[in-house]
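Letter by letter, the chains look like this.
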Amino acid sequence: MEITTHLFINLSLLIILLFISLILLEKSKNFSLSKPSMITLFIVTIWLCIQFSYAPVSYARFDLRMIPIVLGGLYVGIGPLLVIAMIGIRSLYGVDIGLWQTLAFYVPLALILWRLYPWFLKQPPTKRIFFTICIGMSLGILSVVGMSFDNLSVNQFDAWFGFLIMPSLGIGIISYGIEFVRKTNEMQQQLIKTEKLKAVEQMGAAISHEIRNPLTAASGFVQLMQDDYLSRQKRKEYLAIVREELFLAEKVIQDYLTFAKPAIEKFEELNVKSELRQIINLLQPLANQYSVEIVTDFCIIGYIQGDEQKFRQCFVNVLKNAIESMPHGGTLHVSTEYSQDEVTIMVKDTGVGMTSQQLERLGEPFYSTKGKNGTGLGMMVVYSLVRAMNGTILVESEVGKGTTFHFEFPTISIKKMEQTGRV
Ligand code: ADP
Ligand code: MG
């Protein structure tokens, strides 16, 4: 069973390569290989098949090179290219009668594959697999018939068995693999799309709801103010309410816009320490109101890249949440650490903390436990801004004990800052 054994080795090689390409696909960004890498993979496969072929006489080589050629031709449309490459590789093993036979066999095949390619891709997957198996079988039969013309002294049973089973089996397995990957990929894309649509829908519904409430309230009070006999005092009171409600609506829009478009237009060098100091000064009155003591521990250096305005917005949200989580007072620790690669900012409160379910929902739009006092947009904005500044967030929390936020941002190297004249 010389032929079957050799074809079996070929088949094993093909399956190993199939697995390698699956791994490459997995590692690739959008689950697809570029055309050049695909061509390289097919050519390497063809070369391996030829290298491990059965050569009963010096000029004849029997192997499964037809499998990569057929599959490359039908799925990628590179049949002619693969045949040219194959002939090039085959000629390295000797320019002999076998090479001319190869030409006679594969040049028409290349043209047929080229013509079939557009039609093939339009077929349903099962039909495609069935079709490739049929082609594999026909090519196997043709190979054995071609062999008998050569008057080679081969075992007929071995030749028929090997060439009827191996090509169709190999082609079937691999095209099934290809179809499986294609289907998974398609499903993944569809899922992403529906998820996106769902998010937009939810956002739209939630936003209009969040904006409608303050607007309805504001318009109600405007109507009340139409009363000619309203006292000055009352009118003033109503106006203040209207202003507050409109301000709330504006805030929702502002937060939403920051989330929807967190693209940071200008990247500047931010001195983390001085930025945080300014933010803390800003929030000191709120901390006093909540009887919260703010303790800081900043390392001397630490520059990161980001937009000052957005950085402030981000940490105002975080520190405000931390202060608000301590309604009966507490301590808020804000510290930074510096290393060559990253600047870490830690915000630790001794507030109410969060359960693991609450922690999971942190950053979800409109998730708030503060009822009318919260918009549930603050943390969502924080997450999208930190992501836009190439940072990461880690949160630890324990109910009743408090919450710690760790932010990590890439450090700007001193060298680079010297170039820009900051040090
Ligand atoms: P809001 O502050 O308007 O409620 P956020 O998006 O800022 O919305 O926060 C969402 C929710 O996350 C808060 O309602 C609160 O339940 C929880 N949260 C955020 N930060 C903290 C914290 N430091 N301690 C406890 N809970 C927090
Ligand atoms: Mg908040």
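Predicted, not measured: the structure shown is a model, and the values here were computed from it.

Asks: For this particular structure, what's the right way to read the packing of helix 3 (residues 66–76) against helix 5 (residues 97–121)?
Replies: Between two packed helices, what matters for the description is the angle formed by their axes and the separation of those axes. Direction vectors running N to C along helix 3 and helix 5 enclose 35°, while the axes themselves pass 7 Å from each other. Relative to helix 5, the crossing made by helix 3 is right-handed. Every residue of helix 5 that contacts helix 3 at Met66, Ile69, Val70, Gly73, Leu74, Tyr75 and Val76 is listed here: Tyr106, Leu109, Leu113, Leu116, Tyr117, Phe120 and Leu121. Its residues placed into classes, the contact of helix 3 with helix 5 shows 13 nonpolar, 1 polar and no charged.

Asks: Could you clarify how one ought to interpret the site of ligand 1 in this entry?
Replies: Around ligand 1 there are 19 residues in total, and Asn321, Ser368, Thr369, Lys370 and Met379 lie nearest to it. At 3.3 Å from a nitrogen atom of ligand 1 is found a side-chain nitrogen or oxygen belonging to Thr403. Residue assignment for the shell around ligand 1 shows that the elements contributing at least two residues are helix 10 (308–324), helix 12 (378–388) and strand 7 (402–410). Across the shell around ligand 1, the residue classes tally to 7 nonpolar, 10 polar and 2 charged.

Asks: Looking at this model, I keep getting lost on the packing of aromatic side chains. Mind explaining?
Replies: We describe a pair of aromatic rings using the distance from one ring centre to the other and the angle between the two ring planes. Applying the stated criterion to the full structure yields 12 aromatic pairs. Measuring from centroid to centroid gives 5.0 Å for Phe105 and Tyr106, while their planes differ by 85°, and the two rings are edge-to-face. For Phe105, a relative accessible area of 24% corresponds to the partly exposed category. With centroids separated by 6.3 Å and ring planes inclined at 55°, the aromatic side chains of Phe311 and Phe409 adopt a geometry described as tilted. Of the two residues, Phe311 is situated in helix 10 and Phe409 in strand 7; the sequence distance between them amounts to 98 residues.

Asks: Help me understand the domain arrangement of the chain in this model?
Replies: Interface size is commonly expressed as the accessible area that is lost once the parts come together. For the chain, the assigned domains read domain 1 (2–193), domain 2 (204–260) and domain 3 (268–419). Here domain 1 and domain 2 have C-alpha centroids that lie 70 Å from each other.

Asks: What exactly am I supposed to notice about the state of the cysteines here?
Replies: By definition, a disulfide is the covalent link that joins the sulfur atoms of two cysteine residues. The final tally for this structure, using the stated rule, is 0 disulfides. The closest cysteine sulfur to the non-disulfide-bonded Cys299 is located on Cys314, 18 Å from its own sulfur.

Asks: It is not clear to me how helix 4 (residues 79–92) should be interpreted in this structure. Could you clarify?
Replies: Along an α-helix, residues three or four apart share an orientation, since each turn contains 3.6 residues. An ideal rise of 1.5 Å per residue puts 20 Å on 14 residues; helix 4 measures up with 20 Å between its terminal C-alpha atoms. For helix 4, the set of buried residues is Gly79, Leu82, Val83, Ala85, Met86, Ile87, Ile89 and Arg90. Elements in contact with the buried residues of helix 4: helix 2 (35–51), helix 3 and helix 5. Looking one or two places after helix 4, you find Gly94, whose phi comes out positive at around 125°.

Asks: Help me understand the pattern of salt bridges, please; the structure alone is not making it clear to me.
Replies: Here the idea is simple: oppositely charged side chains can pair when their charged atoms come close. All chains considered together, the criterion is met by 9 salt bridges. Notably, a salt bridge pairs Arg65 with Asp63, separated by 2.8 Å at the nearest N-O pair. Using a relative accessible area of 2% as the deciding quantity, one classes Arg65 as buried. A salt bridge links Glu324 to Lys370, with the shortest nitrogen-to-oxygen separation between them at 2.6 Å. A residue pair is termed long-range when its members are at least 10 positions apart, and Glu324 in helix 10 and Lys370 in the loop between helix 11 (356–361) and helix 12 qualify at 46 residues. Via salt bridges that share partners, Glu275, Glu308 and Arg312 belong to a single interconnected network.

Asks: What exactly am I supposed to notice about the environment of Gly79 here?
Replies: Of note, Gly79 is situated in helix 4. Owing to a relative accessible area of 1%, Gly79 belongs among the buried residues under this scheme. When the C-alpha positions of Gly79 and Ser208 are compared, they lie 55 Å apart, and in sequence the two are 129 residues distant.

Asks: Any chance you could explain unusual backbone geometry here in plain terms?
Replies: Among all residues save glycine, negative phi is the norm, and among peptide bonds the norm is trans. Positive phi values are uncommon outside glycine, yet Ser291 reaches one of about 55°. You can see Ser291 is positioned in the loop between helix 9 (272–289) and strand 2 (292–297). One non-glycine residue, Asn390, lies in positive phi territory at about 60°. Along the chain, Asn390 turns up in the loop between helix 12 and strand 6 (392–398).

Asks: Help me out: how do you make sense of the nonpolar core in this one?
Replies: One finds Ile3, Ile67, Ile69, Met147 and Phe163 to be the most contacted residues of the largest nonpolar core, which totals 45 residues. Of all the secondary structure elements, the ones that give two or more residues to this core are helix 1 (2–27), helix 2, helix 3, helix 4, helix 5, helix 6 (125–149) and helix 7 (156–225). Ranked by the residues each element gives to this core, the list is headed by helix 3, at 8 residues. Among all residues touching Ile67, those that are not within four sequence positions of it are Leu14, Met166, Pro167, Gly170, Ile171 and Ile174. Judged by nonpolar contacts, the second largest core, of 38 residues, contains Ile279, Phe298, Ile345 and Val395.

Asks: Just to check I follow, could you spell out the environment of Phe267 for this structure?
Replies: Positionally, Phe267 belongs in the loop between helix 8 (232–260) and strand 1 (268–271). With relative accessibility at 40%, the residue Phe267 sits in the partly exposed group. Expressed as a C-alpha distance, the spacing of Phe267 and Leu332, which sit 65 residues apart in the sequence, is 29 Å. Here Phe267 is in contact with Gln305, Gly306 and Ala388, once residues within four sequence places are set aside.

Asks: Looking at this structure, how should I read the pairing of strand 5 (residues 342–349)?
Replies: As a general feature of sheets, a regular strand has side chains that alternate between the two faces. Counting buried positions along strand 5 gives 6 out of 8 residues, so the element sits mostly inside the fold. Pairing of strand 4 (residues 330–338) with strand 5, which is carried by 7 bridges, proceeds in the antiparallel orientation. If you follow Thr336 over to strand 5, its bridge partner there is Ile345. Where strand 4 folds back onto strand 5 in an antiparallel hairpin, the turn is made up of 3 residues. Pairing analysis gives 7 bridges linking strand 5 to strand 7, with the strands arranged antiparallel. When the sheet's bridge partners are listed, Val343 is paired in strand 7 with Phe409.

Conventions we followed
Residues numbered from 1 in each chain as written. Chains lettered and ligands numbered in written order. Predicted model: local features only at pLDDT ≥ 70, side-chain atom pairs only at ≥ 80, totals over all residues. Heavy atoms only, no water. Axes fitted to C-alpha atoms, helices over the stretch in contact; angles between N-to-C directions. Helix = DSSP H or I, 4+ residues; strand = E, 2+ residues; numbered from the N terminus. Left-handed = near helix turned anticlockwise from the far one by under 90°. Contact = heavy atoms within 4.5 Å. Nonpolar A, V, L, I, M, F, W, Y, C, P; charged D, E, K, R; others polar. Near = heavy atom within 4 Å. Polar contact = N/O pair within 3.5 Å; in protein donor to acceptor, adjacent residues only side chain to side chain. Phe/Tyr/Trp six-rings, centres within 6.5 Å; stacked < 30°, edge-to-face > 60°. Buried < 20%, exposed > 50% of the residue type's maximum accessible area, 1.4 Å probe, protein only. Domains from an automatic or database assignment. Disulfide = S-S within 2.5 Å. Expected span 1.5 Å × (residues − 1). Salt bridge = Lys/Arg side-chain N within 4 Å of Asp/Glu carboxyl O. Core = buried A, V, L, I, M, F, W, Y, C linked by side-chain atoms within 4.5 Å. Pairing = 2+ DSSP bridges.

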